[in-house]
Each structure stands twice: as structure tokens, then as C-alpha cells.
Amino acid sequence: MSLTGYDRRSAWRAALACMVALAVAMGLGRFAFTPMLPVMLHEGKLDLQAGGVLASLNYLGYFLGALSCAAIRLKPTSMVRGGLVATAALLLGMGLLQGFTPWGVLRTAAGVMSAWTFVFASGWGLRRLAETGAPALAGVIYTGPGIGIAATGLLGGALGRWGSEAGWIGFGLLSLALIAIIWRIFGDGESGPVSAPAAAAPPSAAESAAASRDARWLVALYGLAGFGYIITATFLPVIARQALPGSPWPDFFWPLFGLAIVPGALIGARAPIHWDNRLLLAVAYALQALGVVLSVAWPTIWGFGLGSLLLGMPFTAITLFAMRDARRLRGNASAGLIGYATASYGVGQILGPLFAAPLAQRTGSFAVPLLVAAAVLALGALLFAMVWWRSYRVKAFQKP
């Protein structure tokens, strides 16, 4: 099907708007804390264990926000707009308010907003791309977190020279500027022509049972990715500073992680639709496991650099494949399943810093937490491969 000029413009507008929305909600709203943590530690406002608690509170908010998505009946565009404005306000609040308790409230609320924005922007964006016949542009949407993370990494060090307050306020103002640019685009699709997707035949009882089983596996195994990456994603600048004292390089590994997300998302979106998402997820988990191991086994500039690339490239590709599988299982009614999967991911993220920070503070090293994270990712890769293989064998047996 060839795209009309209207469809092509609509598809790109939707993809770019969702890209910016995820850059604000995920890259800034969630992950600005990573480059700000070393600044706040240096200022004596936090210790490592308190920083881990704040990180986990943010991920607790992400979990609660994701879990609530299935019950929310508001328009997706209203949720996206509201989540973005709240994210900017919460970033500003981190600079304007002082003290662990207010920061805990703000980081928890920021987690809720990032989950709402992610789930509803993903659902709205993927629907718009399906309507306009351009599903391959999904990769553009999921470059957003990487662009936001790279921005926080590159700007965090510069803004942090004026103190953590200036850094947080700067990120809040940047968010407001980006929100203003995309605000009107989230009114697209409420009127005007679109290419309606063809109706699918109702599934058989066996297909429904298989889809339910696959949905349970997706929710459970997606949570392993949340635990597996989050220790590195929360503490990477701190880990690198411990391994490379006095080196200027630790400030660059976090933006490198973010930049690696961009080609990973674009390449992931080029994966043919007939390729099984579960097998793609197994490969992506294995790459991330290797990236985590490198930071322990090869704690040099090259080891951290390659590890950041291997952790970053599959980061939102994993999200893309999981969301694509949710749409395979639930179609346009996938928001609930996306919400439950994202909640599972959130549980993994909550547990990661709570497990890693106290252990690292007692031992003076992140080696054991990182090796556990790598093992969890390897287990996820193995289980996704097993689920795919079982499904492949069933389909092969059913062929005449």
C-alpha cells in the first residue's frame, strides 16, 4: 500500500511527537537523576544508599503508574499532555525544593508521570502509524529515550558545575520548551482521513489460550530486563568514577549509552514483522548481559565504552519488541497488556537499586550486583528462547 501525502506527513508528525514525548518523560523525567547523582553526592546532599532509595522511589512510581494504566479511561492524548507538563514541573521542583522527603515525593510522582506518558504515547503513536500505513517508523518513537538520556549526560556535567539546583531547573526549562513544540501534534487523528486497518478474523479457542499464555510470559520476562539494566543505568557514572579515579571519561559513558539507543531503536524497527519478537528479545537480553559483564571483567575506558554500547543499543529495541508483541497478542486493545508488562518492568527497576546500593556501600564495589544483573538478563534470554522454540515446534507440528 502506497502512502498518500497526508498519511506520510501524519505518520512522521506522530513518530516525531512521540519521540520527543519519550525524550522528556523517560530521558529527562526519569534519567536526569543519573548524571545529577554524582553532583548531589559531591555536594553532600545524599549518600549512596539514600541515592539508591530515591532511584527506587522513582521506579516505584513508574510501577504504580504502569499498573494504573489498565484502569484509566481518559483520552490517550490527554494523558500524554498531562504527564509531560507534570514531568517538567517535577524537574523544576527538584531544584526549587530541598530535603530527602520532598525529593522522594517528587521522584515518585515523576515515575508515575513517565509511566503514563510512555504507555499512552506508545499506544497512541503505534495506532497512528498503523492507521497511516507506516509501522516501520516505530523505531523513530523509541529513539526518544536515548536522545533524552544523551542530552542529560552531555548537559548534566555542564549544568552541574553551577550546582545540582541549577541542573534540575535547567532540565525542567528544557522540558517545557520541548513540550511547547509538540503540544498541538497530539490533536492529530481526532478528525481527518486515515487508512482504516482491515478487520481481523476472531481467534479460535486454542489461539486465545496460546495468546493468554504468551501474554503471561511477556509480562513475567519483561520484568527481568528491568532488573538487569537498572543497576548500570542508575549508577554508571559512580561505577566508572570508582574504577577510573581522576579520569575525565566517566562523564561520557552515560551519554554514550544514550546515543547507542538511537541506532538500536532504528535497527530494531527494521526487523521484519514475520520475525518472532520473542527470539529478538532473547538476542537483545543476551547483548545487554554481555554489556553488563564487561564493566566488571574489563573496567577500563574501552571496557566501559563497549559495555555502554552493548547495554544501550538493545535498550529501547527491547521495549519496541515487547510492545510489538503486545500488539500481536491484543491488537488495538493492547494498552492494558502494555501497562501490565511495564509494571513488571517497574518491579525489576525497584529491586535493582535497593539490592545494589547497600551492598556496594558495604563492600566498596558494584561487582557482585552487576554480575547478578548480568545473570538475570542471561536467564531472561534463555527463557525467551525456550518460549519461542516451544511455539515454533507447535506450529511446525500443526502444519499439514
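Procedures and definitions
- Residues numbered from 1 in each chain as written.
- Predicted model: local features only at pLDDT ≥ 70, side-chain atom pairs only at ≥ 80, totals over all residues.
- Heavy atoms only, no water.
- Core = buried A, V, L, I, M, F, W, Y, C linked by side-chain atoms within 4.5 Å.
- Buried < 20%, exposed > 50% of the residue type's maximum accessible area, 1.4 Å probe, protein only.
- Helix = DSSP H or I, 4+ residues; strand = E, 2+ residues; numbered from the N terminus.
- Contact = heavy atoms within 4.5 Å.
- Axes fitted to C-alpha atoms, helices over the stretch in contact; angles between N-to-C directions.
- Left-handed = near helix turned anticlockwise from the far one by under 90°.
- Nonpolar A, V, L, I, M, F, W, Y, C, P; charged D, E, K, R; others polar.
- Phe/Tyr/Trp six-rings, centres within 6.5 Å; stacked < 30°, edge-to-face > 60°.
- Lys NZ or Arg CZ within 6 Å of the ring centre and 35° of its normal.

Caption draft 1: How the structure looks around the nonpolar core. Grouped together as the largest cluster of nonpolar side chains are 124 residues, with contacts concentrated most on F31, Y142, I231, F235, Y285 and F366. Top contributing element to this core by residue count: helix α9 (residues 205-243), with 17 residues. In this structure I231 touches L236, I239, G352, F355, A356, F366, P369, L370 and A373, once residues within four positions along its chain are discounted.

Caption draft 2: Representation of the packing of helix α10 (residues 250-269) against helix α12 (residues 301-312) in the model. Two elements in contact, α10 and α12, have axes whose closest approach is 7 Å; the angle formed by their N-to-C orientations is 35 degrees. When the axes of α10 and α12 are compared, the crossing they make is right-handed. Between α10 and α12, the contacting residues are F253, L256, F257, A260 and I261 on the first element and I301, F304, G305, S308, L309, L311 and G312 on the second. The residue makeup of the contact of α10 with α12, split by class, is nine nonpolar, three polar and no charged.

Caption draft 3: Layout of the environment of A109. For A109, the position within the fold is in helix α5 (residues 100-131). Residue class for A109 comes out partly exposed when judged on its relative accessible area of 26%. Measuring from C-alpha to C-alpha, the distance between A109 and L90 comes to 7.6 Å, with 19 residues separating the pair along the chain.

Caption draft 4: Spatial organisation of the environment of A341. With respect to the helices and strands, A341 occurs in helix α14 (residues 335-363). Here A341 falls in the buried class, since its relative accessible area comes to 1%. Spatially, the C-alpha atoms of A341 and F186 are 24 Å apart, while their sequence positions differ by 155 residues. Contacts of A341, omitting those with residues within four sequence positions, involve V219 and Y222.

Caption draft 5: Focus on the packing of aromatic side chains. Inspection of every chain in the model, using the stated rule, returns 16 aromatic pairs. Centroid distance F31 to F315: 6.2 Å. Interplanar angle 70 degrees. Geometry classified as edge-to-face. Here the residue F31 occupies a position in the loop between α1 (5-28) and α2 (33-42), and F315 occupies one in helix α13 (residues 315-330), the gap between them amounting to 284 residues. Of the two residues, F31 and F315, both sit in the buried class. With a centroid separation of 6.1 Å and an interplanar angle of 45 degrees, the aromatic rings of F227 and F355 are classed as tilted. Taken together, the residues F227 in helix α9 and F355 in helix α14 connect sequence positions 128 residues apart. Take F355: its relative accessible area is 32%, and that puts it in the partly exposed class. Three or more aromatic residues joined by ring pairs make a cluster, and in this case those are F31, Y222, Y229, W254, F257, F315 and Y345. Residue placement shows R30 over the ring face of Y62; its charged tip is 4.1 Å from the ring centre.

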